[in-house]
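# Notes for the structure review
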Amino acid sequence: MSSEWRSYRLEEVGRIVTGKTPKSGVSTFEGTDVPFISPLDFSGDKWINRSVRAISEVGAQAVKGCIIPARSVLVTCIGSDMGKAAIAASRSVTNQQINAIVVDEGRFCPEFIYYNLSLRKAEIRSMAGGSAQPILNKSAFSRLFFECPSLNEQHRIVEALRPLDDRIALLRETNATLEAIAQALFKSWFVDFDPVRARMEGRAPEGMDDATAALFPDSFEESKLGWVPQGWRLAPLSDAFEINPTRKLKKGELAPYLDMASVGTQGHSVSGTVQREMGSGTKFINGDTLLARITPCLENGKTAFVDGLPEGQTGWGSTEFVVLRPKTPLPVYYAYLLCRHTAFRDFAIQSMSGTSGRQRIQNDVLGRYPVVVPSTDVAEAFGQVVGSIQQKIAANHVQAQTLATLRDTLLPRLISGQLRRPDAEAMAPETA
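These numbers come from a predicted model, not from an experiment.

## Considerations on the overall build of the chain
A count of helical and extended segments in the chain gives 15 helices and 23 strands. Every one of the 432 residues in the chain was classed for burial, and the buried ones make up 47%. Looking at the chain alone, contacts between residues at least 24 apart form 74% of all its contacts between residues at least 6 apart.

The structure is reproduced here in C-alpha cells:
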C-alpha cells in the first residue's frame, strides 16, 4: 500500500447521525416534503433515489438534527439486514434503523466511503450488541477503522467503478419498467377487463392488434363468485393454482438453496442461491412463484419468480415461503403478477394468524381468493406477452450480476490500493 494511504476512524470522516422516525406522519404541506428512508429502500443500488413515504418539513424539524443532506452515506444498523450501505440521493430523513454519515467532502469522497463500507458487512455485524435483535450503536459504529488515500486518489478510484455501477443501475431500472408494464397489462386484462369493456362499447381495445382483440368476449356473465367476461370463470385460488406442489428432492442432496434475505421486496429476481444439502424447507422449480408467508416479510413485499435454476433442477429454501404454480391454461408468470397485485396482497395479509410478531399466511384461507381464469386463447396470448417480458428481465438480471461480480472483484483491490485505475479499466468490459 502506498505511503499516501492513512488510517481513519469513521467519526473523522464526518458527522454521524442516528436516525429517528418523525411522529408527524405523512405530509399535507405541498412543496415541503422531505423523503423518509427506511431499510426497505435499500435495494442493492448505490443510490437511494426514492422513499416509501415523505414527511413535512415541519415534522422533520420536530426531531432534532434528523435531516441529512444529499450524498450522506447510509448504513443499516439493526436486525438481519444490518450492514447494507447506500448513498442518499437527496436531502432526507432516516429512521432509527439507519446510521448516516454526513461526509466532510473537503477531505473525503462519499462514494469512496460507501464502497469501503459495502465490503464490510460481516465486520459491521460483528460489532453489534444485543442477543434477540442485534443492534449496532452509534458509538461502536463511529470507531470503525479503514484505510484511505488522498481525496484526488479517492475520486480516481470512484471513477474507475462508476461505469460498472451506472450500467448495473440502468439494467435494474429497465427491469423495473418492464415489470411495471407486465403488472399494468395484468390489471387491464384480468382486473379492470379493459379489452372486454372496449368491445362492449364498440371500441378497439387500446394498444392491441385486431387478432388479439378478437380473442376477448364483448359481454359479461354472472358466476357464483361474481361477474366475469362471457366464457371466463372465477375460481378459488386452490382450484386454479397448485399451492405448495410436490417437488422431488432427497434429504441430504446438494441443491440450490434460497433464504428469505435473498428475496427482494421489489422485482421478481433474487440476489442468488447457494449450494446446500437438503434439509427442511420448501421445494421449487423454474416457473414457481415464492410468496413470503410470515410477518413482516409478507407486508414488506418479499416475493420472487423462480427462473434461474439449471434445467431440470429442483431448489429449496426457507420454510416461510408459500410456493404457487398456476394450472392450465394460466401461464406461470400470472402467479407472480397476482402476488404483486394490491388486492391479493391485502387479502393475504388479512389471512395471517398466530402470535404477535410471528403471524403466518393460512393456506386454506389464501386458497379462497377468487382468481380470474380466462379462455385458453386469451391465457396463451397473455403468456406470450408477459413471458417475453419475463425473459428480458431474467437476461438483464444475469448481465447485472455479471457486472456486479466484476465490480466486486475490482473493488477490494482498488479500495486497498493494490490495483490502480488504468489496470482496472483494462480489466473492465465495454459498458456503453
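Let us keep going from here.
## Some thoughts on unusual backbone geometry
Most peptide bonds are trans, and most residues other than glycine sit at a negative phi. A cis amide bond links Thr295 to the next residue, Pro296, at an omega of 0 degrees. At the junction of Thr328 and Pro329, the peptide bond is cis and its omega measures out at 15 degrees in the coordinates. Its place among the elements puts Pro329 in the loop between β22 (321–326) and α11 (333–340). The phi dihedral of Arg71 is positive, around 75 degrees, even though this residue is not glycine. Here Arg71 is to be found in the loop between β6 (67–68) and β7 (73–76).

## Concerning the pairing of strand β19 (residues 289–292)
Side chains Thr289 and Leu291 project from β19 onto one buried face, and the interleaved Leu290 and Ala292 project onto a second face that is buried too. One ladder, built from 3 bridges, connects β19 with strand β20 (residues 303–305); its direction is antiparallel. Note on β20: the bridge partner recorded for Leu290 is Ala304. Sheet analysis places β19 next to β22, joined by 4 bridges and oriented antiparallel. Bridge assignment links Leu290 to a residue of β22, and that residue is Val323.

## Here's the deal with the pattern of salt bridges
As enumerated under the stated definition, the model contains 15 salt bridges in all. Notably, a salt bridge pairs Asp288 with Arg325, separated by 3.0 Å at the nearest N-O pair. Highlighted residues: Asp288 in the loop between β18 (282–284) and β19 and Arg325 in strand β22, separated in sequence by 37 residues. Looking at Asp288, the relative accessible area reads 0%, which means it is buried. The shortest N-O distance in the salt bridge between Arg407 and Asp408 comes to 3.1 Å. Residue Arg407 is classed as buried on the basis of its relative accessible area of 11%. Judged by relative accessible area, Asp408 falls into the partly exposed class, the value being 40%.

## Description of the layout of surface pockets
If a probe as big as a water molecule is rolled over the atoms, it shows which places are left empty. In this structure, the second largest pocket spans a volume of roughly 350 Å³. As for the second largest pocket, its lining consists of 20 residues, of which Val270, Thr273, Asp307, Gly308 and Leu309 are closest to the centre. Listed by contribution, the elements that provide at least two residues to the lining of the second largest pocket are β16 (254–258), β20 and α14 (376–415). The element that contributes the greatest number of residues to the lining of the second largest pocket is α14, accounting for 4 residues. Of the residues belonging to the lining of the second largest pocket, the class tally is 11 nonpolar, 8 polar and 1 charged.

## Brief notes about the packing of aromatic side chains
How two aromatic rings sit relative to each other is given by the distance of their centres and the angle of their planes. Tallied over the entire structure, the rule returns 20 aromatic pairs. Considering the side-chain rings of Phe216 and Trp232, the 6.0 Å spacing of their centres and the 50 degrees angle between planes classify their relative orientation as tilted. Of this pair, Phe216 sits in the loop between α8 (210–213) and β12 (220–223) while Trp232 sits in the loop between β13 (226–229) and β14 (233–236); the two residues are 16 residues apart in sequence, bridging distant segments of the chain. Taken as a pair, Phe216 and Trp232 share a single burial class, namely buried.

## Examining the packing of α11 against helix α12 (residues 342–350)
Where α11 contacts α12, the axes come no closer than 5 Å and their chain directions differ by 70 degrees. The orientation of α11 relative to α12 falls into the category roughly perpendicular. In contact with Leu338, Cys339 and Arg340 of α11, α12 contributes Thr342, Phe344 and Arg345. A per-class count over the contact of α11 with α12 returns 3 nonpolar, 1 polar and 2 charged.

## A word on the pairing of β16
Two faces, one strand: in a regular strand the side chains alternate between the faces of the sheet. Where burial is concerned, most of β16 is hidden: 4 out of the 5 residues are buried. Bridging between β16 and strand β17 (residues 274–277) involves 4 bridges; their strand directions are antiparallel. Opposite Leu254, over in β17, you have Glu277 as the bridge partner. Taken together, the 2 bridges between β16 and strand β21 (residues 315–317) define a ladder with parallel strand orientation. Across the sheet, the residue bridging to Leu258 is Gly317, located in β21.

## Section: the nonpolar core
For soluble globular proteins, nonpolar side chains are generally found buried alongside one another. Residues Phe190, Leu237, Phe241, Tyr334, Leu338 and Val371 are the most contacted members of the largest nonpolar core, which totals 46 residues. At the level of elements, α6 (151–190), β14, α9 (237–240), β22, α11, α12, β23 (370–373) and α14 are the ones that each hand at least two residues to this core. Dropping the residues within four chain positions of it, Leu237 is found in contact with Ile243, Leu324, Leu338, Phe344, Leu366, Gly367, Arg368, Tyr369 and Val371. Core analysis: the next-biggest nonpolar cluster, separate from the first, contains 42 residues, Ile16, Ile124, Phe146 and Ile157 among them.

## A look at the sheet that holds β18
If you walk across this open sheet you meet the 4 strands as β17-β16-β21-β18, and the pairing is mixed. Two strands lie at the open edges of the sheet, namely β17 and β18, each paired on one side alone. Geometrically, the sheet is characterised by an average inter-axis angle of 45 degrees between neighbouring strands, direction not taken into account. Alignment of β18 against β21, held across 3 bridges, turns out to be antiparallel. Bridge pairing links Thr282 to Gly317 in β21.

Calculation notes
- Residues numbered from 1 in each chain as written.
- Predicted model: local features only at pLDDT ≥ 70, side-chain atom pairs only at ≥ 80, totals over all residues.
- Heavy atoms only, no water.
- Helix = DSSP H or I, 4+ residues; strand = E, 2+ residues; numbered from the N terminus.
- Buried < 20%, exposed > 50% of the residue type's maximum accessible area, 1.4 Å probe, protein only.
- Contact = heavy atoms within 4.5 Å.
- Pairing = 2+ DSSP bridges.
- Salt bridge = Lys/Arg side-chain N within 4 Å of Asp/Glu carboxyl O.
- 1 Å grid on protein atoms, 1.4 Å probe; cavity = no way out; pocket = protein on both sides within 12 Å on 5 of 7 lines; lining within 4 Å.
- Points joined across faces, edges and corners; volume = space filled by probe spheres on them.
- Nonpolar A, V, L, I, M, F, W, Y, C, P; charged D, E, K, R; others polar.
- Phe/Tyr/Trp six-rings, centres within 6.5 Å; stacked < 30°, edge-to-face > 60°.
- Axes fitted to C-alpha atoms, helices over the stretch in contact; angles between N-to-C directions.
- Parallel < 35°, antiparallel > 145°, perpendicular 65-115°, else oblique.
- Core = buried A, V, L, I, M, F, W, Y, C linked by side-chain atoms within 4.5 Å.

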